[in-house]
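# Observations on chain architecture
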Amino acid sequence: MTRRPRRGLTPWLFLLVPLTLLVVFTYAPVVNMVVYSFTDWDGVSPDLTFTGLGNYGELFTRPELFQVFFVSGYYLAASVVQISAALYFATVLSFHTRFRNFFKGVLFFPYLVNGVAIGFVFLYFFQDGGTLDSVLRLFGVLGDHAWLSSPTSANISLAGVSVWRFMGLNFVLFLGAIQSVPGELYEASELDGAGRWQQFRHIIAPGIRPVLSLSVILAVSGSLSVFEIPYIMTGGATGTETFVIQTVKLAFQFNKTGLASAAAVVLLLIILAVTWVQRRLVPDDKVDLV
């Protein structure tokens, strides 16, 4: 009778270490962040005063703190391009294509590169008279362009860099989902005279719907929490400041950790709300193609 309780405890013994790390490094900081959002803590002083909803009131009454969300619109539009391109390449390379393994590596490689390195590389790429201007001269476009000097061109350039970097992740997700579709479905559709578009519409699209839904959630949350690329390339200057960059500046530059914590909580709630709405509009139903 004593062996059965021991067997019941065995899985929990294996889970003890990862659960401890999860609580200590994820849930405990989140709880602390929520607590700090109700204080005026500066991040340094051991003393803090509870201010209630004062930080949240300041966030919603100062328009400049929420104007940074308009910058996320560039990255949200870029995520549409990113998902569309990743889905296209995944569909093409899932069939018998010459050098498809080579192209798979080329598409996935940018995701493996460190984000800081990518920021510095494209900083020289977009500078006046840099690589992009040199390439444009080959096509007859003369002159040096300040790609990062105006808000519109800078945000479009930064959003384009994010497409180049993160398309590989969506590409791998889509490719794995497409290859998990039973091969006999393609053979049966070819016998019925279906072309590639019919196969995509009636076989591939329904089969990868759960992965597509996940990619949309990641794209929306990622566009709201962009940080690395604009921080490295512009530091948030010329109208490229995102919500996360603003939060970091509030905490570490202006020593308003309480207000920064409130901003982080608001961002978390917005992402959770968007995810909930998306899951309600597009439920993750089990797909059965057979």
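Here's what I pulled together on the structure shown here. Small disclaimer: the values here were computed from a predicted structure and weren't measured. (Residues numbered from 1 in each chain as written. Predicted model: local features only at pLDDT ≥ 70, side-chain atom pairs only at ≥ 80, totals over all residues. Heavy atoms only, no water.)

### A few points about the packing of helix 13 (residues 243-252) against helix 14 (residues 257-281)
Remark: helix 13 packs on helix 14, axes separated minimally by 7 Å, with the N-to-C direction vectors making an angle of 160°. It follows from the interaxial angle that helix 13 and helix 14 lie roughly antiparallel. Helix 13 and helix 14 meet at a crossing whose hand is left-handed. Packed against helix 13, whose contacting residues are Phe 243, Val 244, Thr 247, Leu 250 and Ala 251, the element helix 14 presents Thr 257, Leu 259, Ala 260, Ala 263, Ala 264 and Leu 267 at the interface. (Axes fitted to C-alpha atoms, helices over the stretch in contact; angles between N-to-C directions. Helix = DSSP H or I, 4+ residues; strand = E, 2+ residues; numbered from the N terminus. Parallel < 35°, antiparallel > 145°, perpendicular 65-115°, else oblique. Left-handed = near helix turned anticlockwise from the far one by under 90°. Contact = heavy atoms within 4.5 Å.)

### Quick look at the nonpolar core
Core analysis: the biggest nonpolar cluster contains 21 residues, and Ala 90, Phe 171, Phe 174, Ile 178, Tyr 186, Ile 204 and Ile 208 have the highest contact counts within it. Counting only elements with at least two residues in this core, the list comes to helix 4 (69-93), helix 8 (151-179), helix 9 (183-191) and helix 10 (196-207). For this core, the element with the most residues is helix 8, which contributes 6 residues. Excluding residues within four positions of it along the chain, Ile 208 makes contact with Leu 87, Phe 174, Ala 177 and Ile 178. The next biggest cluster of nonpolar side chains, apart from the first, holds 19 residues, and it includes Phe 243, Ala 260, Leu 267 and Ile 271. (Core = buried A, V, L, I, M, F, W, Y, C linked by side-chain atoms within 4.5 Å. Buried < 20%, exposed > 50% of the residue type's maximum accessible area, 1.4 Å probe, protein only.)

### What to know about unusual backbone geometry
Located in the positive-phi region is Phe 99, a residue other than glycine, with phi close to 60°. Checked against the element boundaries, Phe 99 lands in the loop between helix 4 and helix 5 (100-112). For Thr 238, which is not a glycine, the phi torsion comes out positive at approximately 50°. Among the secondary structure elements, Thr 238 is positioned in the loop between helix 12 (228-233) and helix 13. Residue classification places Thr 238 among the partly exposed residues on the basis of a relative accessible area of 31%.

### Digging into the layout of surface pockets
The computed volume of the largest pocket comes to approximately 380 Å³. Taken together, 18 residues line the largest pocket, and the ones lying closest to its centre are Gln 82, Phe 166, Leu 218, Gly 222 and Ser 223. Breaking the lining of the largest pocket down by element, the ones donating at least two residues are helix 4, helix 8, helix 11 (209-224) and helix 12. By residue class, the composition of the lining of the largest pocket is 8 nonpolar, 8 polar and 2 charged. Reported here for the second largest pocket is a volume of approximately 270 Å³. Lining the second largest pocket are Ser 94, Phe 95, His 96, Arg 100, Ile 178, Gln 179, Val 181, Gly 183, Tyr 186, Glu 187, Glu 190 and Arg 196. Among the elements of the structure, helix 8 and helix 9 are those that each provide at least two residues to the lining of the second largest pocket. Ranked by the residues each element gives to the lining of the second largest pocket, the list is headed by helix 9, at 4 residues. For the lining of the second largest pocket, the class distribution of residues is 4 nonpolar, 4 polar and 4 charged. (1 Å grid on protein atoms, 1.4 Å probe; cavity = no way out; pocket = protein on both sides within 12 Å on 5 of 7 lines; lining within 4 Å. Points joined across faces, edges and corners; volume = space filled by probe spheres on them. Nonpolar A, V, L, I, M, F, W, Y, C, P; charged D, E, K, R; others polar.)

### A word on helix 2 (residues 54-61)
All of the buried residues along helix 2 are Asn 55, Tyr 56 and Leu 59. Down the axis of helix 2, the buried side of the element spans an arc of 100°, and every buried residue falls inside it. (Arc of directions from axis to C-beta.)

### Structural notes on the side chain of Gln 199
Mapped onto the secondary structure, Gln 199 falls in helix 10. Discounting residues that sit within four places of it in the chain, Gln 199 has contacts with Phe 95, Tyr 186, Ser 189, Glu 190, Ala 194 and Ile 204.

### Observations regarding the packing of aromatic side chains
The tally for this structure, following the rule as stated, stands at 13 aromatic pairs. Ring plane angle 50° and centroid distance 5.5 Å describe the contact between Phe 38 and Tyr 56, whose orientation is recorded as tilted. Here Phe 38 is found in the loop between helix 1 (3-36) and helix 2, whereas its partner Tyr 56 is found in helix 2, with 18 residues between them in sequence. Since its relative accessible area comes to 27%, Phe 38 is described here as partly exposed. Residue classification places Tyr 56 among the buried positions, given a relative accessible area of 12%. (Phe/Tyr/Trp six-rings, centres within 6.5 Å; stacked < 30°, edge-to-face > 60°.)

### Describing helix 14
With 25 residues, helix 14 extends 36 Å from end C-alpha to end C-alpha; this agrees with the ideal 36 Å at 1.5 Å per step. Residues of helix 14 that are buried: Thr 257, Gly 258, Leu 259, Ala 260, Ser 261, Ala 262, Ala 263, Val 265, Val 266, Leu 267, Ile 271 and Gln 278. (Expected span 1.5 Å × (residues − 1).)

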